[in-house]
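# Residue-level structural notes
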There are 2 protein chains.
Amino acid sequence: MKFQIIDGGVTSPEGFVSSGISCGLKGENLKDLALIKSTKLCNSAGVYTKNKVKGAPLLVTKKHLKNKSAQAIIANSGNANTCTGEEGIKNAEQMCEYAAKELGIESDNVLVASTGIIGFKLNIGAIKNAVPELVKRLDKQGYNDASKAIMTTDTVQKTMALKLEISGKTATIGIMAKGSGMIHPNMGTMLSFITTDINISSELLEKALKESVRISYNRVSVDGDTSTNDMVLILANGLAGNPVIEEENDDYKVFLEALKKLNIKIAKMIAKDGEGATKLIECRVLNVPDEKEAEILGKSVICSSLVKTAFFGCNANWGRILDAVGYSGVDFDINKLQVSMESSKGNVLVFKDGEPVSFSNDKATDILSEDEVSIILNFNSGSCSVCCWGCDLTYDYIKINGSYMS
Amino acid sequence: MKFQIIDGGVTSPEGFVSSGISCGLKGENLKDLALIKSTKLCNSAGVYTKNKVKGAPLLVTKKHLKNKSAQAIIANSGNANTCTGEEGIKNAEQMCEYAAKELGIESDNVLVASTGIIGFKLNIGAIKNAVPELVKRLDKQGYNDASKAIMTTDTVQKTMALKLEISGKTATIGIMAKGSGMIHPNMGTMLSFITTDINISSELLEKALKESVRISYNRVSVDGDTSTNDMVLILANGLAGNPVIEEENDDYKVFLEALKKLNIKIAKMIAKDGEGATKLIECRVLNVPDEKEAEILGKSVICSSLVKTAFFGCNANWGRILDAVGYSGVDFDINKLQVSMESSKGNVLVFKDGEPVSFSNDKATDILSEDEVSIILNFNSGSCSVCCWGCDLTYDYIKINGSYMS
């Protein structure tokens, strides 16, 4: 094996357990409180939303991560605990304290996350009452319950694990994530918690996390709205027993590659599970002089409401794609640009040499009717290529977000 | 009178006639070809889309406006004549030539605009055949037909006129515009043609146009998509007989104020008539240190899909407004910010001193059920205030744009 995707999640690496229960924030016995715990203190890193309005849990987690170590993550869905003033900060601190006390660890070593509606005070009493049960349920099989407990409008669970070999030792990375609405490039537009038993310094752990986030979650958009709360956290407890990774050697590269692979898979799951979405739209931007510009071009296309609605209608309206490329602000030579669309059903070229290419509408519609489709923009003018991911814009997005207090 | 809004349109100023007919581009006998003509050569100015992909008519109009004078505008709907290669440029030139020949004027003095789907070759033969009839129909009452002929998914005509007094002379400004989808700040995200009989130098005409566009059309967004084709053109033939405006004197200020007033009215009509929209959303950003930052804040809110869907549902979900304020990138003190919502049914304060304000949901829903609603963001930290306009995001937006080849 180089990498092997396995059944599992955040509890797949050595030394991690987790749990997920209902404490009443979401009602109807829906799971809404999750806990992840390592048997030993972990090197740890986080990447956070760039929204200037930051949720209280994010501020508390950032503070607790100053020493780059942590042992547990507590997270709730059903309430974002954001724009809730001083009381919100206190409540986020208390979530850590309740968990720490029950786990017998330091409160500073607990990280906290919340997701749900903004602007409502957290029912901290409900969480306090539920923490003993949450801790009691901690289990090797708990990854499944935990990943359910952080879902909001998600329609599919996002949990995954991967085995890899590092200097002859077998190590594991596990992940659970949520994200469906308010998803837009600029880190960290969702919750994603990553666990691993790899032995790595906290500096390189952070570096690898940032690099993998940059080319995965930061290239996804569901609706252009960057959330106030979201973050990616990683805990590494070192139990795999590999020689500690302290420099950017081959072991680091293997780990980074594995992390990228997992995060891209999760990022694509998030895009595909965008609120109301019927399909994943991948935009492959090829052969541009500059990687940053390639990313701007790709994001402009996947964020376009008109491209998104066209794809919902399986409509090969490439004019809207060129329009979005044009307003991205990036200079390019339209005469060198080739545009095509692709899915498992085939490929159709629609624009070349500055002019439309005649194509079969029936064939194009058939290609776009798949649940994973690609837009390929070949600028033929450089050596940088990137992928960005989004989804279509549908009646159900309106239904989900137009109803009261979703 | 200072300003008086009157019935009419582009033919209301002295010396202008216009017409609008069907030439077959849109089918079903829908009007799709418009002409505006002045009896004498006009000082003239234009503001154009910033999209890097520019429609062929825009390139031709820019060329013809190099000498800052023009006498006629020909425009079609049903086809944008964009991404159509060299042939597209030739076709746009030919539209000017056909009109010029029939009008007995220079082709360089005709401006051209097209709106509709991107990427299809223009049926120039249909236009050529229709031009004689188009010219024959030129009439003082033709503003109505002309404004119909530039509509695409617009559901209401956008035509207006205003009388004003300049140095004791009565002058008139007329306007017709279209715009419903692919509307986003960054000039000129629609077609807007303005006529006036005011006597003004082409330099000051251009200056006034740019200034009025900046605070009207550039503060409107329907769907975040900046079009390839759109422009605002103004023709001034001087027939009002006022002393020529050659410096920024009181006459200039009166003219500028009138132009702003008209363009803001049209901008709001465009936002309210956004594809599928049920309501106009105004975002008033008050008391910010910097005007540019105020505009960024306002645009961020009116462009948010989550705010737009919430307002469709008459849902006072102010957390989404704060989220959009937060990801705008502008720094602010959340503890000074006051957020309220308003319509003709009243006003409700929802956020103050960094915390939610308790309010009646029934009252808020009632306020938001009107077809013109405002979000008021008072940052209490400076002296600049701006308005931006948008609309809600609805099932009908998906219906209009998800169907084949709209």
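Calculation notes
Residues numbered from 1 in each chain as written. Chains lettered and ligands numbered in written order. Predicted model: local features only at pLDDT ≥ 70, side-chain atom pairs only at ≥ 80, totals over all residues. Heavy atoms only, no water. Contact = heavy atoms within 4.5 Å. Buried area = accessible area lost by both parts, 1.4 Å probe. Salt bridge = Lys/Arg side-chain N within 4 Å of Asp/Glu carboxyl O. Polar contact = N/O pair within 3.5 Å; in protein donor to acceptor, adjacent residues only side chain to side chain. Helix = DSSP H or I, 4+ residues; strand = E, 2+ residues; numbered from the N terminus. Buried < 20%, exposed > 50% of the residue type's maximum accessible area, 1.4 Å probe, protein only. UniProt positions renumbered as here; feature names shortened; annotations may be inferred. Pairing = 2+ DSSP bridges. Axes fitted to C-alpha atoms, helices over the stretch in contact; angles between N-to-C directions. Disulfide = S-S within 2.5 Å. Phe/Tyr/Trp six-rings, centres within 6.5 Å; stacked < 30°, edge-to-face > 60°. Parallel < 35°, antiparallel > 145°, perpendicular 65-115°, else oblique. Left-handed = near helix turned anticlockwise from the far one by under 90°. Nonpolar A, V, L, I, M, F, W, Y, C, P; charged D, E, K, R; others polar. Domains from an automatic or database assignment.

### A closer look at the interface of chain B and chain A
Facing 59 residues of chain B, the contacting portion of chain A comprises 59 residues. Buried surface at the junction of chain B and chain A, summed over both partners, amounts to about 4500 Å²; 57% is from carbon and sulfur atoms. At the boundary of chain B and chain A, one finds two salt bridges. Of the charged contacts, one joins E355 of chain B and K121 of chain A as a salt bridge, the two residues approaching to 3.2 Å between their closest N and O atoms. Along the contact surface separating chain B from chain A lie six residue pairs in polar contact (both at pLDDT 80 or more). Those elements that provide at least two residues to the side of chain B that touches chain A are α2 (85–103), α8 (305–312), α9 (318–327), β13 (355–356), α10 (361–368) and α11 (395–402) of chain B.

### A few points about the pattern of salt bridges
Going through the model one piece at a time under the given rule, you end up with 47 salt bridges over all chains. Across the salt bridge formed by R137 of chain A and E133 of chain A, the nearest N and O atoms sit 2.8 Å from each other. Exposure remark for R137 of chain A: the relative accessible area of 46% places this residue in the partly exposed category. Of the residues examined, E133 of chain A reaches a relative accessible area of 29% and is grouped as partly exposed. Of the charged contacts, one joins E295 of chain B and R219 of chain B as a salt bridge, the two residues approaching to 3.0 Å between their closest N and O atoms.

### Regarding the UniProt feature "binding site: substrate" (unreviewed entry) in chain A
All names here are of chain A. The UniProt feature table records "binding site: substrate" (unreviewed entry) at T152, K178, T189, E275, N401 and S406. With respect to the element layout, T152 can be found in the loop between α4 (143–149) and β6 (158–166). A residue is classified by how much of its surface remains accessible, and T152, at 31% relative accessible area, is partly exposed. Other than its neighbours up to four places away in sequence, T152 contacts S77, T115, G116 and K178.

### A few points about the sheet that holds strand β12 (residues 346–352) of chain B
Residue and element names in this part refer to chain B. Taken in spatial order, the six strands line up as β13-β12-β11-β14-β10-β15 in an open sheet, and their pairing is mixed. At either margin of the open sheet sits one strand with a lone partner, and together these are β13 and β15 (384–391). Running over the sheet, α10 touches β11 (338–343), β12 and β14 (372–378) and is turned about 120 degrees from β12.

### Some remarks on the sheet that holds strand β10 (residues 280–288) of chain A
Residues and elements named next belong to chain A. Sheet architecture is open: six strands sit in the order β13-β12-β11-β14-β10-β15, paired in mixed fashion. Of all the strands in the sheet, the pair left with one neighbour each is β13 (355–356) and β15 (384–391). As paired strands, strand β11 (residues 338–343) and strand β12 (residues 346–352) are joined by five bridges and run antiparallel to one another. For S343, the partnering residue across the bridge sits in β12 and is G346.

### Focus: the state of the cysteines
All told, the structure shown has zero disulfides over all chains when counted by the stated rule. We note that C387 of chain A lacks a disulfide partner, and the nearest cysteine sulfur, in C388 of chain A, lies 7.5 Å from it. Using a relative accessible area of 22% as the deciding quantity, one classes C387 of chain A as partly exposed. Here C384 of chain B is not disulfide-linked; the sulfur of C388 of chain B is the nearest cysteine sulfur, at 13 Å.

### Brief notes about the packing of aromatic side chains
All names here are of chain A. In total, this model carries seven aromatic pairs over all chains according to the counting rule given. Plain terms: the ring middles of W318 and F351 are 5.1 Å apart, the flat faces sit at 40 degrees to each other, and that makes the pair tilted. Here W318, found in helix α9 (residues 318–327), pairs with F351, found in strand β12; they are 33 residues apart in sequence, far enough to count as distant. Given the relative accessible area of 4%, W318 is considered buried. Of the residues examined, F351 reaches a relative accessible area of 0% and is grouped as buried.

### Some details on the packing of helix α7 (residues 291–303) of chain B against α9 of chain B
Residues and elements named next belong to chain B. Close contact between α7 and α9 brings their axes to 8 Å; oriented N to C, the two are set at 135 degrees. As the angle between them shows, α7 and α9 are arranged oblique. Every pair of crossing elements has a handedness; the one defined by α7 and α9 is right-handed. Along its contact with α7, which presents L297, S300 and V301, the element α9 presents I321, A324, V325 and Y327. Split by residue class, the contact of α7 with α9 holds six nonpolar, one polar and no charged.

### Points about the domain arrangement of chain A
Residue and element names in this part refer to chain A. Looking at the assigned domains, one finds that chain A contains domain 1 (3–272) and domain 2 (280–402). Computed over C-alpha atoms only, the centres of domain 1 and domain 2 are separated by 32 Å. Between domain 1 and domain 2, the contact holds 16 residues from the first and 18 residues from the second. Interface area, domain 1 with domain 2, both sides summed: about 1400 Å², of which 58% is carbon and sulfur. Considering only the side of domain 1, the residues that lose the most area to domain 2 are R219, K268 and K272, jointly responsible for 46% of the buried surface there. Run the count over domain 1 and domain 2 and you get six salt bridges. Linking domain 1 to domain 2 there are seven residue pairs in polar contact (both at pLDDT 80 or more). At four residues, the largest contribution of residues to the side of domain 1 that touches domain 2 is made by helix α6 (residues 250–272). By residue class, the composition of the side of domain 1 that touches domain 2 is six nonpolar, five polar and five charged.

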